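# Summary of the model geometry
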Amino acid sequence: MLRRPAALVTAALLTAGLAGCSGGAAPVQRPAPSAPPKATTPAPRVAAGHAPAESFAVGVRQLQLNRDGDRPLPVTVWYPARGDAGGDPERSAPAAVGRFPVVMFSHGLGGRPEDYQLLLSRWAAAGFVVAAPKFPHTGAGGDGNPLDVLNQPADVSYALTQVLALNGKAGDPLRGRLDPDRVAAAGHSAGGVTTIGLFTAGRDERLDAGIVFAGTALGVGTAFAGAAAPQLFVHGEADEVVSYASGKAVYDAVPWPKAMLSLPKGDHGRALLSDGTALRVVADTTVEFLRWTLYGDAAAKKRLPADAARGGLATLDDHL
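Keep in mind it's a predicted model, so treat the numbers as computed, not measured.

What counts and how
Residues numbered from 1 in each chain as written. Predicted model: local features only at pLDDT ≥ 70, side-chain atom pairs only at ≥ 80, totals over all residues. Heavy atoms only, no water. Phe/Tyr/Trp six-rings, centres within 6.5 Å; stacked < 30°, edge-to-face > 60°. Helix = DSSP H or I, 4+ residues; strand = E, 2+ residues; numbered from the N terminus. Buried < 20%, exposed > 50% of the residue type's maximum accessible area, 1.4 Å probe, protein only. Lys NZ or Arg CZ within 6 Å of the ring centre and 35° of its normal. Pairing = 2+ DSSP bridges. Salt bridge = Lys/Arg side-chain N within 4 Å of Asp/Glu carboxyl O. Core = buried A, V, L, I, M, F, W, Y, C linked by side-chain atoms within 4.5 Å. Contact = heavy atoms within 4.5 Å. pLDDT = per-residue confidence, 0-100.

### Considerations on the packing of aromatic side chains
Counted according to the given criterion, the structure contains 9 aromatic pairs. Taking the centre distance of 4.8 Å and the plane angle of 55° together, the rings of F105 and Y116 count as tilted. Taken together, the residues F105 in strand β3 (residues 100–106) and Y116 in the loop between β3 and α2 (117–125) connect sequence positions 11 residues apart. Here the two residues F105 and Y116 agree in accessibility, since each one is buried. The structure contains a cluster of three or more aromatic residues connected by ring pairs, namely F105, Y116, W123 and F213. When the ring centre of Y251 is taken as reference, the NZ or CZ atom of K258 above it lies at 4.9 Å.

Have a look at this one:
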C-alpha cells in the first residue's frame, strides 16, 4: 500500500533499482493502514517439532482470486501430494496426509510463478504448501509499473486469507491439510520488496518467517514490526540489478534471528530459475530454514551451515 507523501520519489527509486522498467499506468492508491507495532525480539513462535523425513510427490493447481474486484490475482499452488497429476494445474492430485505449513511466494518484475517452479516444487516436496500469486501490474503481461509493488504486500495478505480458507472448504483437495499457525513469506527482487513489506509497513502478524531473494527496502522501509519472525536473505554479490550492499543493509536492520546466504559469483537470480549446483545450494539451505522456522526442527537449523557451504559456492552469515 502507498504510505508516503513522496510516492513519486519512491517510484523513481524503484524504477531505477528494479530492472529499469518504465512507469506505465498510474498506481492503485489505497488508504494507508494504521502504524504497525514495533518489532519485538523473543524466540520464534513455532513450537519444537520434526519436519517430514520423506520426499513427497508434488501436486499443482490454480486458484482464480481477485482483491477488491480490480486486482486479479491468479495463484499457483504447489503442495505435497499422494500422486502425480503430471504437472497439469487443471488436475488436482490428492494431497498427502498431514497438516502442512504454508509459504507465500512473490515473483519479480515481469515474472510468473511458474518461472520459479524448480525451487518452489522442491519446497513442496519437502512438506510445504507453496502459494504464488501473479500480480496484476508487475507480472508478465502487466504494464510493468514498479510503483505497484507497494500494493503487493496487501495482495499477498489477501491471497493468504483465501488459501487458508481452503482448509474448511468441503471437497477441496487441501481441506484439512493446511496449518494456519505455521506460515512464511518469500519473494525475489520486486517480490523481495513485497516480502520485506509484509514484515514492515504492511506487517502481516500471521507470518512466522521470511526469505528474501535479491531484495531491497525501497518503498517499504526497514521498520520491522510485530512478533519476532526469523529472516533468511539470499543475495548474489555480483547482482547487476539490486546491489549486494543494498540487500545487506536491509539484512543488517532486521532485529530478529537472521542469516544471509551470499553467493560471491551470483547475479540477480539466475540460480533460482535454472537447475544446477547453485540452485541446489539455495534450495537445500532454504528448505532447512523453513523446516526450522515452520516445523520447529532444531536438527534442520544445525544443518544450515553445512548446506550453505556445499560446493564452495556460498557463505552464510548466521545469527539464528
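Alright, that's what it looks like, and here's the rest.
### Brief notes about the pairing of strand β8 (residues 258–263)
Counting buried residues along β8, 6 of its 6 residues qualify, which places the element largely inside the surrounding structure. The alternating pattern of β8 places K258, M260 and S262 and A259, L261 and L263 on opposite faces, both of which are buried. By the bridge criterion, 6 bridges tie strand β7 (residues 231–236) to β8 in an arrangement that is parallel. Bridging from a neighbouring strand, L232 pairs with A259 of β8.

### Describing the pattern of salt bridges
All chains considered together, the criterion is met by 17 salt bridges. When the shortest N-O distance is used, the salt bridge between R112 and D115 registers 2.9 Å. The exposure class assigned to R112 is partly exposed, which follows from its relative accessible area of 35%. What makes D115 partly exposed here is its relative accessible area of 26%. Residue R182 pairs with D179 through a salt bridge whose shortest N-O separation is 3.0 Å. Of the two residues, R182 and D179, neither departs from the other in class, the shared state being buried. A single salt-bridge network, built from bridges that share partners, covers R67, D68, R71, D148 and D155.

### Observations regarding the pairing of strand β6 (residues 209–213)
Of all the 5 residues making up β6, 5 are buried; the element is thus mostly covered by neighbouring parts of the structure. Alternating residues of β6 divide into A209, I211 and F213 and G210 and V212, and every residue in both groups is buried. Sheet topology note: the strand β5 (residues 178–188)/β6 ladder contains 5 bridges and is parallel. Across the sheet, H188 pairs through a bridge with F213, a residue of β6. Note that β6 and β7 share 4 bridges and pair parallel. Residue pairing across strands places G210 opposite Q231, the latter belonging to β7.

### Examining the nonpolar core
Core analysis: the largest hydrophobic core is formed by 89 residues, its most contacted members being V102, V103, F105, L120, W123 and F213. In terms of residues, this core owes the most to one element, helix α7 (residues 277–295), which gives 10 residues. The residues touching F105, leaving out its near neighbours within four places in the chain, are Y116, L120, W123, V130, A131, A132, P133, A186, G187, H188 and F213.

### Considerations on unusual backbone geometry
The phi dihedral of D68 falls on the positive side, at around 60°, and the residue is not glycine. Looking at the secondary structure, you find D68 in the loop between β1 (57–67) and β2 (71–81). What makes D68 exposed here is its relative accessible area of 54%. Look at S189: it is not a glycine, yet its phi comes out positive at around 60°.

### Side note on the confidence of the model for the chain
Atomic detail in the predicted coordinates should be set aside for any region of low pLDDT. Per-residue confidence for the chain gives a mean pLDDT of 88, with 84% of residues at or over 70. Of the regions scoring below 50 in pLDDT, residues 1–13 engages in 30 contacts with residues more than four places distant in sequence or in other chains. Within the model, pLDDT remains below 50 along residues 19–34, and this stretch shows 38 contacts once partners closer than five positions in the same chain are excluded.

### Digging into the environment of P94
For P94, the position within the fold is in the loop between β2 and β3. Placed 15 residues apart in sequence, P94 and Y79 show a C-alpha to C-alpha distance of 9.6 Å.

### Description of the environment of L174
Looking at the secondary structure, you find L174 in the loop between α3 (152–165) and β5. With relative accessibility at 1%, the residue L174 sits in the buried group. Sequence separation of L174 and A96 is 78 residues, and the distance between their C-alpha atoms is 9.0 Å. Not counting residues up to four positions away in its chain, the partners in contact with L174 are R61, V77, Y79, A95, V129, L166 and N167.

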